[in-house]
Amino acid sequence: MTRPLAALILSLGTLPAIAQERIPSHCIALAAGPARVMPAALTVPEADHVLLRFLDHASFAIVAEDGTFAVTDYTGYLGTGDAVPDVVTMNNSHSTHWTPTPDPRIPHVLKGWPEAGALPDHRLDLGMMLVRNVTTDARSWGGSVRPDGNSIFIFEVAGLCIGHLGHLHQIPTEAQYAAIGRMDIVLVPVDGRVTLAVDDMVQVVRRLRSKVVIPMHWMSGAGLQMLMAALSGQFQVVETGLNEMVFSIRDLPAEPTILVLEPRWLD
């Protein structure tokens with residue numbers, strides 16, 4: 001089910017005509033392929049908007065108005081339908097966040113960890129969507145540090161900055177915060193155990209100053225409840241009951257808001 005954010009907390013104004021190129025975002029950062037195959041349901045009904053669909057765990061579909069289609073934390077499975085994104089990101093070399101055998105029809109597969117000693121440094125311009133990354137250190141199962149082992153992927157689309165924090169294990173440094181920029185929408189892992197502790201994640205969320213926070217990486221759901229409780233004094237909490245929503249820069253909430261989406265694979 002698709003419903004614009006305005007249907008929950010704000011009303012939309014008059015929309016402009018269809019844009020011919022990507023609306024510049026206000027991210028401040030230092031740092032067209034083959035025909036796509038996508039489910040008919042993944043369409044953006046209005047100009048200058050972006051559709052965000054929670055698929056599962058840490059995977060989201062992000063769709064621009066022209067149909068440019070990205071999937072985060074791609075594991076090789078999107079659902080029962082045939083779908084070929086323009087780009088997939090895989091922030092961490094772990095089975096729930098990547099696959100060693102992506103669909104060969106996908107034009108752009110962006111890995112978020114070093115390979116052969118080379119740091120991942122992505123800045124992919126797809127016209128209506130720009131995809132870039134900022135690396136952070138990751139923690140191995142044994143507790144050691146894997147330098148630059150995680151990527152925060154940032155999607156600039158419809159004038160919005162959408163940040164996927166990935167498998168975040170560290171509070172970003174000042175240089176990393178500068179490279180990330182200010183996020184309008186941030187997708188936040190909230191398990192509180194495997195990724196950052198909830199108190200530390202709250203610190204990161206506040207620093208990014210996002211108007212919309214969408215929890216992911218729930219695990220048992222306890223971390224989700226802890227995050228909502230920790231931020232309830234400063235953030236409005238909306239349990240949408242939806243698996244996807246449509247956003248624009250014009251209908252972001254006036255106050256910071258946690259929007260809880262329900263995961264659902266593509267049909």
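Residues numbered from 1 in each chain as written. Predicted model: local features only at pLDDT ≥ 70, side-chain atom pairs only at ≥ 80, totals over all residues. Heavy atoms only, no water.

(A) Spotlight on the pattern of salt bridges. Enumeration according to the criterion identifies nine salt bridges in this entry. Of the charged contacts in the structure, one is a salt bridge between arginine 132 and glutamate 156, with a shortest N-O distance of 2.8 Å. Placement of arginine 132 in strand S8 (residues 129-139) and of glutamate 156 in strand S9 (residues 145-157) is noted, with a sequence separation of 24 residues between them. Across the pair, glutamate 156 and arginine 132 agree in class, each one buried. Here aspartate 184 makes a salt bridge to arginine 182, at a shortest N to O gap of 3.6 Å. Overall, the relative accessible area of 25% leaves arginine 182 in the partly exposed class. Because the salt bridges share partners, they merge into one network encompassing Asp82, Asp103 and Arg105. (Salt bridge = Lys/Arg side-chain N within 4 Å of Asp/Glu carboxyl O. Helix = DSSP H or I, 4+ residues; strand = E, 2+ residues; numbered from the N terminus. Buried < 20%, exposed > 50% of the residue type's maximum accessible area, 1.4 Å probe, protein only.)

(B) Spotlight on the confidence of the model for the protein. On average, residues of the protein score 82 in pLDDT, and 81% of them are at 70 or above. Per-residue pLDDT stays below 50 along residues 6-20; that stretch engages in 35 contacts with residues further than four places along the chain or on separate chains. Confidence drops under a pLDDT of 50 for residues 30-35, and excluding neighbours within four residues, the segment shows seven contacts in the predicted structure. (pLDDT = per-residue confidence, 0-100. Contact = heavy atoms within 4.5 Å.)

(C) How the structure looks around the environment of valine 186. Secondary-structure assignment places valine 186 in strand S11 (residues 185-189). By relative accessible area, which is 0% here, valine 186 ends up buried. Residues valine 186 and leucine 208, 22 residues apart in the sequence, show an inter-C-alpha distance of 8.2 Å. Apart from the residues lying within four places of it in its own chain, the contact partners of valine 186 are Gly163, Leu165, Leu208, Ser210, Val212, Val213 and Ile214.

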